[in-house]
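# A structural walkthrough
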Amino acid sequence: MTREWKDMTAFEAFLDDGGIVEVDDDMPREYREAVFAFIEMHANSELMGGLTERDWIPKTPGLRHKMSVLAKTQDEIGHGHLLYMVAADMGIKTRRDMLEDLFAGKSRFHNVFHYQAVTWGDQVAIAFLVDAAALASQQAVFKNCSYGPYRRILKRIIAEEGFHMRLGEDRMMRIAQGTDIQKRIFQDALGRWFWPALQLFGPDSKPDDVLLRWHIKSERNEVLRDKWVQKFVPMLQSYGFSVPAPDLRYDDDAGRWDVGPIDWEPLKRTLAQGGPDSARRIADARENWEKTAWVRKALDEAVPA
Amino acid sequence: MIATTESTLVREAWSTLATVDDPEYPGISIVDLGLVESVELVGGDVHVGLIPTFSGCPALAMIADDVRETVGSRVHGAVVVEWLRSPVWTIERVSDVARTAMAEEFTVAVQIGRTTPVCPRCGAPTEQQSMFGPNRCRSVHRCTGCNEAIEVMRS
């Protein structure tokens, strides 16, 4: 069943009324492109994140954590798989085009995957801070998402990301109760990950943000970012770690933490694939793609059972 | 209220276990997913025998923690969680309640044996796209009717 709308005003009225758009609907071109770009970036981020997790499987200390890294790897790759299906269905790019654009450095993925995870402390910081930021963003998209196929996939992704957050808390609790050296490793990692995690939410939403108007996002970037700050600043401090923000202060009147001015230049660089680890990560992903060409060829040629 | 007599203790433990959700399926209990095999009293302690969907499932430690915490808050004595080697978990252990919840809440279908799973949204048959999805207990299918990307839980 294909639905159509006579103009953008009618379409937006449908969205404002809580309407859910399905893949066969004759949605406005601008909406289709905006939603597609958003899902493509999400899919790319899952894949790049999964490849990073994979790199940590052999290096992860202890069986308990190793199992969690294995699980996260499979989750992220699986999420990417589902999201590429949903994105490809929108008819703008094929799955193969999306992947080849990504490996050619032509596509965006989240800023946090443009940095290197140096020590296990980085992995703890990522699981604790970055996964929480990603989950908060996804929850805010899911809450009111007008594109049905994405909304339904998001529900499952969020359930699994919630599980990752618990794994992150488990890792953080263990390192916080560890030796002085372990605590220092985590403190050093905080210095590398606090700001990228915070920047994941993006700069303040523009008043004319179409993602808000078309009910893809349900909350403004700055609101989500502030909630994260209010939760994680006191939590890190309560575990005895310092927050690497020189201008950090507590506003007694407002009863809230203020991290001071945010430098958005690092985020902009990652969006242009110019982050500290972007080139290596993209080259790694491309090499992985090239090395597995024989698997795709074999599958294409396989006779169905 | 803290349960005391033996039969009420075991009953209490079972009903408490029914409130322990799977870490990846909020709202669906481990009892409905067929993970709980036995509840026994051994010298005043509550022994809970669980079986994993897949050995090596990363949620095992978390599920055991949740069981100890939740059941422990309702009964006297220690709660001992044991992962059993048999019987082996199969998809048939998933209750109708959980099958319905997975279909309605998460658009996840259940595949029994070699049957063709049907789409939780439109009821049309689905085709497998890949043997594994985000989890080892699920494959990824495509609905031949509405085209939805569907995860299928199976043994």
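All of the points below concern the structure found in this document. (Residues numbered from 1 in each chain as written. Chains lettered and ligands numbered in written order. Predicted model: local features only at pLDDT ≥ 70, side-chain atom pairs only at ≥ 80, totals over all residues. Heavy atoms only, no water.)

Turning our attention to the interface of chain A and chain B. Taken residue by residue, the interface counts 24 residues in chain A and 33 residues in chain B. Note on chain A versus chain B: buried area summed over both sides is about 2,300 Å², and carbon and sulfur give 55% of it. Where chain A meets chain B, there are eight salt bridges. With its nearest N and O atoms 3.7 Å apart, the salt bridge here joins E22 of chain A to R121 of chain B. Linking chain A with chain B are ten residue pairs in polar contact (both at pLDDT 80 or more). For the side of chain A that touches chain B, the elements supplying multiple residues, two or more each, are α3 (63-88) and α6 (148-176) of chain A. (Contact = heavy atoms within 4.5 Å. Buried area = accessible area lost by both parts, 1.4 Å probe. Salt bridge = Lys/Arg side-chain N within 4 Å of Asp/Glu carboxyl O. Polar contact = N/O pair within 3.5 Å; in protein donor to acceptor, adjacent residues only side chain to side chain. Helix = DSSP H or I, 4+ residues; strand = E, 2+ residues; numbered from the N terminus.)

Let us look at the layout of surface pockets. In this structure, the largest pocket spans a volume of roughly 2,000 Å³. Lining the largest pocket are 48 residues, and of these H81 and L299 of chain A together with Q129, S130 and M131 of chain B lie nearest its centre. Mapped by element, the contributors of at least two residues to the lining of the largest pocket are α2 (29-56), α3, α4 (95-103), α11 (278-291) and α12 (293-301) of chain A together with β7 (126-130) and β8 (138-143) of chain B. A per-element tally of the lining of the largest pocket places α3 of chain A first, with nine residues. When the residues that make up the lining of the largest pocket are grouped by side-chain class, the tally is 21 nonpolar, 18 polar and nine charged. (1 Å grid on protein atoms, 1.4 Å probe; cavity = no way out; pocket = protein on both sides within 12 Å on 5 of 7 lines; lining within 4 Å. Points joined across faces, edges and corners; volume = space filled by probe spheres on them. Nonpolar A, V, L, I, M, F, W, Y, C, P; charged D, E, K, R; others polar.)

Our next topic: the nonpolar core. Counting residues in hydrophobic clusters, the biggest one holds 86 residues, and the most contacted among them are Y31, I39, Y147, F186, W193, F194 and W228 of chain A. Counting residues per element, this core draws most heavily on helix α5 (residues 120-142) of chain A, at twelve residues. Discounting residues that sit within four places of it in the chain, W193 of chain A has contacts with V112, Y115, Q116, A117, D122, A125, I126 and V130 of chain A. Counting 39 residues, the second largest nonpolar core, distinct from the first, contains V39, L50, V71 and A98 of chain B. (Core = buried A, V, L, I, M, F, W, Y, C linked by side-chain atoms within 4.5 Å. Buried < 20%, exposed > 50% of the residue type's maximum accessible area, 1.4 Å probe, protein only.)

Our focus in this paragraph is the packing of α5 of chain A against α6 of chain A. Residue and element names in this part refer to chain A. Packing of α5 against α6 brings their axes to within 8 Å, and their N-to-C directions diverge by 150°. The angle between the axes of α5 and α6 places the two elements in the roughly antiparallel class. Two packed elements cross with a definite hand, and for α5 against α6 that hand is left-handed. Residue composition of the contact of α5 with α6, by class: 15 nonpolar, seven polar and six charged. (Axes fitted to C-alpha atoms, helices over the stretch in contact; angles between N-to-C directions. Parallel < 35°, antiparallel > 145°, perpendicular 65-115°, else oblique. Left-handed = near helix turned anticlockwise from the far one by under 90°.)

Under the criterion given, the structure shown has one cavity of 30 Å³ or more. Within this model, the largest cavity holds a volume of roughly 40 Å³. Forming the walls of the largest cavity are R156, A159 and E160 of chain A together with E24, Y25, F106, V108, R138 and E151 of chain B. Across the lining of the largest cavity, the residue classes tally to four nonpolar, no polar and five charged.

Here the focus is the sheet that holds strand β9 (residues 149-153) of chain B. Residue and element names in this part refer to chain B. Strand order in this open sheet of four strands is β6-β9-β8-β7, and the pairing throughout is mixed. At either margin of the open sheet sits one strand with a lone partner, and together these are β6 (108-110) and β7. Here the average twist between neighbouring strands, direction ignored, is 45°. Taken strand by strand, helix α3 (residues 96-106) contacts β6 and β9, and its axis lies near 155° from that of β6. (Pairing = 2+ DSSP bridges.)

It is worth spelling out the environment of C145 of chain A at this point. All names here are of chain A. For C145, the position within the fold is in the loop between α5 and α6. On the accessibility criterion, C145 (0% relative accessible area) is buried. Remark: the alpha-carbon pair of C145 and P276, spanning 131 residues in sequence, is separated by 33 Å. Those residues in contact with C145 that sit more than four places away from it in its chain are I20, Y150, R151, H215 and I216.

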